[in-house]
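A closer look at the structure
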Amino acid sequence: MPVTVNILDEPLFPVRWSSDADEHDGGGRPARVGLLNLLLRAHEIEGLAVPDAPAHSALLRILYALTARMTGLDEAKNGPDDWQLLRDEVLAEGRLPEKGIERYFARYRERFFLFDFQPGGRPWMQDPRLKDQCDASSTAGVNKLLATRPAGNNHSWFRHASDARPDLSTVSDAVLNLLTWHYYGPSGRCSAREVGGVKSASAKAGPLRTSLSYHPEGDTLFETLLAGLVPPPREVDAEHDQCPWEWDELPDPDGPPPALNGPCSRLTASSMHALLLVPEESGDKVRDAYITWAYRTGRGARPDDDYLIWQISKQGNTYPRPADSSRALWRDLDALLLIDPPGLAQPRRPKVFEWALEVSPELRVRALGFEQEGKGAKDIQFVDAVTPPVLGFLEKRSARTQPAVGRLRAVGERFGNRLDRALHRAWRTYVNDPKDSADAWAQEGAARYWPAAEREFWDRFALLDRTGTALDGGLNAAAARTSFLRLAVRAFDEVTASAARTQRGAKAVEEARIELFGDRRGKPARPDAAA
């Protein structure tokens, strides 16, 4: 089969263009570009337009590693201050270095072919040995490859799909889902792979499975990529900190996973899955895929990652904050801004934010993740959210505002928790069953309260002090409590309205209402009394 698809040139990656982007010889602003143009024109691109959050998160990590390579920011042998000066020089140029990009891709061009079945071929981010080590009659299939499709005996929610007659995948979708598998793939049963005469069919979970990552986002992709870099330790040697396409030889599946010797390997080489895409004859579509384990043994611990909020469990184990599709991004804001945010879990903000704000004071934060089962194969929902651009300004210039952000977030959380407790109590009293899960009213209340609370949070966030002179950061705590309480009371009344028309229901509702005010012994107060 001829090698026809090279991701450097093929328009596979969806982008959003800046309004002032050049037309470039009348070629316009294509909806998708190849990896080469993605980096050469990063200063003209507003951002990635990848619709699936986990693929977006994975692609950003690939681009961070390439950016570090092509700018010389993959080492910091003279310390972080010199590294910062070099990044400032790149930033001042206004674009990624064209010669650095072309020199790097000229060296590794053969490693960026997506399909390469020639002897000794190395298809990008794939293992060509799977064609011989796996059973060609029991491949995973294209439906299994694409995270948004049902596969096997799973229900078809949004589209009908048949494993016997699957719709072929576009190459763009295939390469993005290839990355999703490398970073968010499940543990457990997979296609059998025989290595060294021993066949096994069990994979370890991907390095980002269940997690939510946080990325600084600038006005252009160029700013976003520079803001996403973290200075490596002095001892990191770029020659030994390799991306998978830079390996001289593929690693031994029977051996331990390759060591992660620096930022580039941590960003790109921590996958526990091996994949091989099977194109149709023309190379325009992908018709099948091998998906199996990459190494018989795991790493023992999840690799460190500079884009996660790390926290400590009750057992003293460190773990990343999981993706939760029902949790709005503003509820994590103080954990992103504060060096020592409050909380029993002792959250530690992503390391990237210690360095990102030197790129621009107007950075936003984009949260990308995948709500999933940690020890199973169940995928629940993508998570994709972004903050306003005031975050960078606040962190850099208004340190006194940070505690105010934490207090504002805590007030909103407090009344959301009280609403949940009140609705659970009201339902159990109403149905006279203390063992009932009582989730029906609580879920409806959450759906009413949290979107309104998010709007209230950002409205009050915009009023916080920007000068650094107000001791309280400009937060009117009494007014904030009154506003969030009013939202909780409104949600409680709307959810319980139908039950309150009956005598038993009215009694259950009024007994539970006291939970909204935080004093279970007293009498219900008016919302304006919370001040």
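Higher on the page you've got the structure.
Residues numbered from 1 in each chain as written. Predicted model: local features only at pLDDT ≥ 70, side-chain atom pairs only at ≥ 80, totals over all residues. Heavy atoms only, no water.

Looking now at the overall build of the protein. The helix and strand inventory of the protein stands at 16 helices and 13 strands. Counting only residues that meet the buried cut, the protein has 53% of its 531 residues in that class. Here the contacts in the protein between residues at least 6 apart in sequence split such that 73% fall between residues at least 24 apart. Looking at the protein as shown, the accessible area adds up to about 24,400 Å², and 48% of this sits on carbon and sulfur atoms. (Helix = DSSP H or I, 4+ residues; strand = E, 2+ residues; numbered from the N terminus. Buried < 20%, exposed > 50% of the residue type's maximum accessible area, 1.4 Å probe, protein only. Contact = heavy atoms within 4.5 Å. Areas by Shrake-Rupley, 256 points an atom, 1.4 Å probe, with all protein chains shown as cover.)

The subject of this paragraph is the pattern of salt bridges. Going through the model one piece at a time under the given rule, you end up with 28 salt bridges. Of the charged contacts, one joins Arg425 and Glu515 as a salt bridge, the two residues approaching to 3.1 Å between their closest N and O atoms. With Arg425 in helix α13 (residues 401-431) and Glu515 in the segment after α16 (503-513), this pair connects stretches of sequence that are 90 residues apart. Under the relative-accessibility criterion, Glu515 is labelled buried at 4%. (Salt bridge = Lys/Arg side-chain N within 4 Å of Asp/Glu carboxyl O.)

Two faces belong to every sheet, and in a regular strand the side chains alternate between them. Burial analysis of strand β9 (residues 285-293) places seven of its nine residues in the buried class, which makes it a mostly covered element. Two strands pair when backbone bridges link them, and strand β8 (residues 273-279) and β9 are joined in this way by seven bridges, in the antiparallel orientation. Of the residues in β9, the one forming a bridge with Leu276 is Tyr290. In this structure, the hairpin formed by β8 and β9 is closed by a connection of five residues, where Gly283 is found at a positive phi of approximately 80°. (Pairing = 2+ DSSP bridges.)

In this section: the nonpolar core. Note on soluble globular proteins: their nonpolar side chains tend to be buried together. Counting 92 residues, the largest nonpolar core has Leu35, Leu38, Leu66, Phe105, Phe112, Trp124 and Leu145 as its most contacted members. With sequence-adjacent residues up to four places away left out, Leu66 is seen in contact with Leu35, Leu39, Tyr104, Phe105, Phe112 and Trp245. Counting residues in each nonpolar core, the second largest holds 37 residues, with Tyr449, Ala453, Ala480 and Ala488 among its members. (Core = buried A, V, L, I, M, F, W, Y, C linked by side-chain atoms within 4.5 Å.)

Let us now look at unusual backbone geometry. Positive phi is not limited to glycine here, since Met125 has a value of about 60°. Tracing the backbone shows Met125 in the loop between α4 (98-108) and α5 (130-133). The phi angle at Asn432 is positive, at roughly 55°, despite the residue not being glycine. Summarising the element assignment, Asn432 is placed in the loop between α13 and α14 (439-461). Take Asn432: its relative accessible area is 62%, and that puts it in the exposed class.

Taken in spatial order, the three strands line up as β2-β1-β3 in an open sheet, and their pairing is antiparallel. The open sheet has two free edges, formed respectively by β2 (32-33) and β3 (45-48), since each of these has just one partner strand. With three bridges joining them, strand β1 (residues 13-17) and β3 adopt antiparallel strand pairing. Opposite Trp17, over in β3, you have Ile45 as the bridge partner.

Moving on: the packing of aromatic side chains. With the rule as written, the count across this model stands at 19 aromatic pairs. Measuring from centroid to centroid gives 5.1 Å for Trp427 and Trp441, while their planes differ by 75°, and the two rings are edge-to-face. With Trp427 in helix α13 and Trp441 in helix α14, this pair connects stretches of sequence that are 14 residues apart. Taking the centre distance of 5.0 Å and the plane angle of 75° together, the rings of Tyr449 and Trp450 count as edge-to-face. Three or more aromatic residues link up through ring pairs in this structure, and these residues are Tyr104, Phe105, Tyr108, Phe112, Trp124 and Trp245. Directly above the ring of Trp450 sits Arg331, whose terminal nitrogen or CZ lies 3.7 Å from the centroid. When the ring centre of Phe415 is taken as origin, the NZ or CZ atom of Arg418, which lies over that ring, is 4.9 Å away. (Phe/Tyr/Trp six-rings, centres within 6.5 Å; stacked < 30°, edge-to-face > 60°. Lys NZ or Arg CZ within 6 Å of the ring centre and 35° of its normal.)

It is worth stressing that arrangement in space is one thing and function is another; only the former is reported here.
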